[in-house]
Amino acid sequence: MSIKRQMQRKHQTQNADKKLIASKNENAMVGGILEGSPDAVGVVIIRLECGCRKMAAVDIKGDMASKKIIAYRDNADSICDKCKEDHGDFSRITTQFIEWDKDDIEGATKKMIYEKVFGTAPIVH
């Protein structure tokens, strides 16, 4: 195997490892948010292009169930400077979804909560 191919494979493995760690960290944050929010049926997760994330618990009515929105960045002491300036402006969102805690929520309720949280207009990047 060529050195170039070995380097590519090593880079791919490192990227996969970073994504797995980020996923585990995000799951741990979701668990902590749910634990601190007994009325929560899910956690809203907004990922920004800079790598920062914003999260908050949501209740069955689509209202915020946690005391505050948590903003964090993996392996960092603080969020990035851009997020400090613009508070994670919506124009920099790459992914947004709700991690549901309860499986027994009917589809119409999930749709209502999603639309209340994110609105109904499609996001175009």
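Note: the structure precedes this text.
This one's a predicted model, so the numbers in the text were calculated from it and none came from an experiment.

Chemist: Help me get a handle on the overall build of the protein, residues and values and all.
Modeler: Assigned secondary structure in the protein consists of three helices and four strands. Reading the protein from its N terminus to its C terminus gives the helix and strand order α-β-β-β-α-β-α. Considering the protein as a whole, with its 125 residues, one finds that 29% of them fall into the buried category. Pairs at least 24 apart in sequence give 51% of the contacts found in the protein among residues at least 6 apart. Accessible surface for the protein amounts to roughly 8700 Å². Of this, 52% is attributable to carbon and sulfur atoms.

Chemist: Summarise the pattern of salt bridges; cite the residues concerned and give the values.
Modeler: Inspection of every chain in the model, using the stated rule, returns five salt bridges. Across the pair Arg47 and Glu26 runs a salt bridge, and its minimum N-O distance is 2.6 Å. Here the residue Arg47 occupies a position in strand S1 (residues 40-48), and Glu26 occupies one in helix H1 (residues 3-35), the gap between them amounting to 21 residues. We classify Arg47 as partly exposed; its relative accessible area is 29%. Classification of Glu26 by relative accessible area gives buried; the value is 5%.

Chemist: Give me the packing of aromatic side chains: which residues, what numbers.
Modeler: Any aromatic ring pair is given by two values, namely how distant the centres are and how the planes are angled relative to each other. Counted under the stated rule, the structure contains one aromatic pair. Aromatic pair Tyr114 and Phe118: ring centres 4.6 Å apart, planes at 55 degrees, arrangement tilted. Here Phe118 and Tyr114 lie together in helix H3 (residues 107-118), a separation of four residues that amounts to about one turn. A relative accessible area of 16% means that Phe118 is categorised as buried.

Chemist: Quick one: what's the story with the sheet that holds strand S2 (residues 53-59), residue by residue and with numbers?
Modeler: Within a sheet, each strand pairs with its neighbour through backbone hydrogen bonds, oriented either parallel or antiparallel. One open sheet accounts for four strands, arranged S3-S2-S1-S4; its pairing is antiparallel. Where the open sheet ends on each side, the last strands, each with one partner, are strand S3 (70-72) and strand S4 (93-100). When strand polarity is set aside, the average angle formed by the axes of neighbouring strands in this sheet is 20 degrees. Strand direction decides the pairing type here: S1 and S2, joined by seven bridges, are antiparallel. By the bridge assignment for S2, Arg47 is matched with Arg53. Sitting on the sheet, H3 is in contact with S1, S2 and S4, with an inclination near 145 degrees to S4.

Chemist: Tell me about the state of the cysteines, residues and numbers included.
Modeler: Considering all chains together, one arrives at zero disulfides under this definition. With no disulfide of its own, Cys50 lies 3.6 Å from the sulfur of Cys83, the closest cysteine sulfur.

Chemist: If you had to explain unusual backbone geometry to someone new, which residues and values would you point to?
Modeler: One non-glycine residue, His87, lies in positive phi territory at about 60 degrees. Locating His87 in the fold gives a position in the loop between helix H2 (81-86) and S4. Since its relative accessible area comes to 62%, His87 is described here as exposed.

Conventions we followed
- Residues numbered from 1 in each chain as written.
- Predicted model: local features only at pLDDT ≥ 70, side-chain atom pairs only at ≥ 80, totals over all residues.
- Heavy atoms only, no water.
- Helix = DSSP H or I, 4+ residues; strand = E, 2+ residues; numbered from the N terminus.
- Buried < 20%, exposed > 50% of the residue type's maximum accessible area, 1.4 Å probe, protein only.
- Contact = heavy atoms within 4.5 Å.
- Areas by Shrake-Rupley, 256 points an atom, 1.4 Å probe, with all protein chains shown as cover.
- Salt bridge = Lys/Arg side-chain N within 4 Å of Asp/Glu carboxyl O.
- Phe/Tyr/Trp six-rings, centres within 6.5 Å; stacked < 30°, edge-to-face > 60°.
- Pairing = 2+ DSSP bridges.
- Axes fitted to C-alpha atoms, helices over the stretch in contact; angles between N-to-C directions.
- Disulfide = S-S within 2.5 Å.

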